[in-house]
Amino acid sequence: EGRILSWVAYRLQRSSMSAEMSLIAFASPVAVTPSVTPSSQHSDVMSEPALLGMTSSVGRNVELHASSAAGVSTAIFASAVMLRSVHRQRRRAGRASVAVLRRANSGDTATLERDAQKAPEGLEGQIVDEEAMLANSSFPIKPDDLVQKCKEVLGRGVGTLAGGEADLADDFEFCAPVVGPIGKEQYLEALGTFKIGEAFPDSNPNYHFFRVDPFEPDRVWFQTRKTGTNTGDFMNKPATGKALVFPPEAYSIRFNDAGKVKEFTVGYPMDRRVGNTGGLGGAFGYFYGVGRPLPIPECQPYKRSWQFRFLNWLSRTTKRFQGVKVQKK
């Protein structure tokens, strides 16, 4: 019986962590209760404190109960039952893994997406399957390659640095929240006059979150969190030394089938409360940030129009009168 018990303990130690937990629960005077994961009620997961020292406790608990004949019999019986259960769990897990691999090899991305994550209640049918949409796209450049091409275009200044103009298609368009859309020649001429790199030599766009639009598979979206210090002349004005922090901005680049840039959108603030450029993105943020905004409303921080302020006043006044009527009743 002692040799059998030792063999069972050895087999369980080589099995999964759940087998060790089960042996302790049966053979130890103090049972360990597993917790159930929210995502699946069929998977038992030990809490972190219970996991500490679990492996070494298996041998100690087996030796403890081996001191009596009854303890030996109980431990052998419980261990054999749990060992068989572990092997069954392993077989089921193996079959499930094979099924997942088959779906992956067959390109069944929709099924994999559903298996990986179910839509929360209330959002059924409202979350698109991005992988399936991109997989069904007829655009010749694959998403990963398109993102890489987008980064390479950014490295060449989207047409503004040496060799970068060749990246732009003949029908190229530039569009910002206020400026544009404008064509290729106007775009290159306008950016050349600002010379932001000379005025803000430490400027960093902090590009991040690149992704291909599943609705427009020829378009790569990404975001910026620009920073920069005005240590050089800017628009024929001396440096101010001001350090600028821009709000997060949405950018995008669209490509044609040949991999040329046909559209570049920039400067769309995602949260105007962030930073010190008055909530402005693009070139206007630089102007306002150094204290020299252009004398037009578009180059100023957002301000409610008199019409909008009037509607708000009218709404508040109406509610007060309605409140009085309700109180009289």
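The notes below deal with the structure included here. (Residues numbered from 1 in each chain as written. Predicted model: local features only at pLDDT ≥ 70, side-chain atom pairs only at ≥ 80, totals over all residues. Heavy atoms only, no water.)

## Considering the pairing of strand β5 (residues 219–224)
Link 1 in the chain: Counting buried positions along β5 gives 5 out of 6 residues, so the element sits mostly inside the fold.
Link 2 in the chain: Sheet analysis places strand β4 (residues 208–212) next to β5, joined by 3 bridges and oriented antiparallel. Along β5, the bridge assignment pairs R211 with W221.
Link 3 in the chain: In this structure, the hairpin formed by β4 and β5 is closed by a connection of 6 residues.
Link 4 in the chain: Alignment of β5 against strand β8 (residues 249–255), held across 6 bridges, turns out to be antiparallel. Its bridge partner lying in β8, R219 is registered against R254. (Buried < 20%, exposed > 50% of the residue type's maximum accessible area, 1.4 Å probe, protein only. Helix = DSSP H or I, 4+ residues; strand = E, 2+ residues; numbered from the N terminus. Pairing = 2+ DSSP bridges.)

## Quick notes on the pattern of salt bridges
Link 1 in the chain: Within this structure, the stated rule accounts for 9 salt bridges.
Link 2 in the chain: One salt bridge connects D167 with R156, and the closest N-O pair in it is separated by 2.7 Å. Placement of the pair is D167 in the loop between α8 (143–155) and β3 (168–175) and R156 in the loop between α8 and β3, with a sequence separation of 11 residues.
Link 3 in the chain: When its relative accessible area of 12% is taken as the criterion, D167 is described as buried.
Link 4 in the chain: Between R254 and E263 there is a salt bridge, and its shortest N-O distance comes to 3.8 Å. (Salt bridge = Lys/Arg side-chain N within 4 Å of Asp/Glu carboxyl O.)

## Considering a positive patch on the surface
Link 1 in the chain: Residues R272, R304, R316 and R320 make up a contiguous surface patch of positive charge.
Link 2 in the chain: Along the polypeptide, R320 turns up in helix α12 (residues 306–328). (Patch = residues over 30% accessible without salt bridge, like charges linked within 9 Å, V, L, I, M, F, W, Y side chains within 5 Å. Areas by Shrake-Rupley, 256 points an atom, 1.4 Å probe, with all protein chains shown as cover. Lys, Arg positive; Asp, Glu negative; His and termini not counted. Charge placed at Lys NZ, Arg CZ, Asp CG, Glu CD.)

## Examining the nonpolar core
Link 1 in the chain: Counting 24 residues, the largest nonpolar core has V158, F174, Y187, V220, I253, F255 and F264 as the members making the most contacts within it.
Link 2 in the chain: Elements that contribute at least two residues to this core include exactly α8, β3, β5, β8 and β9 (261–269).
Link 3 in the chain: Broken down by element, the residue count for this core peaks at 5 residues, all from α8.
Link 4 in the chain: Not counting chain neighbours up to four residues away, the residues in contact with F255 comprise F139, L146, K149, C150, V153, D218, V220, K260, V261 and K262.
Link 5 in the chain: L244, F246, F284 and F287 belong to the second-largest nonpolar core, a separate cluster that totals 11 residues. (Core = buried A, V, L, I, M, F, W, Y, C linked by side-chain atoms within 4.5 Å. Contact = heavy atoms within 4.5 Å.)

Nothing here speaks to function; it is geometry throughout.
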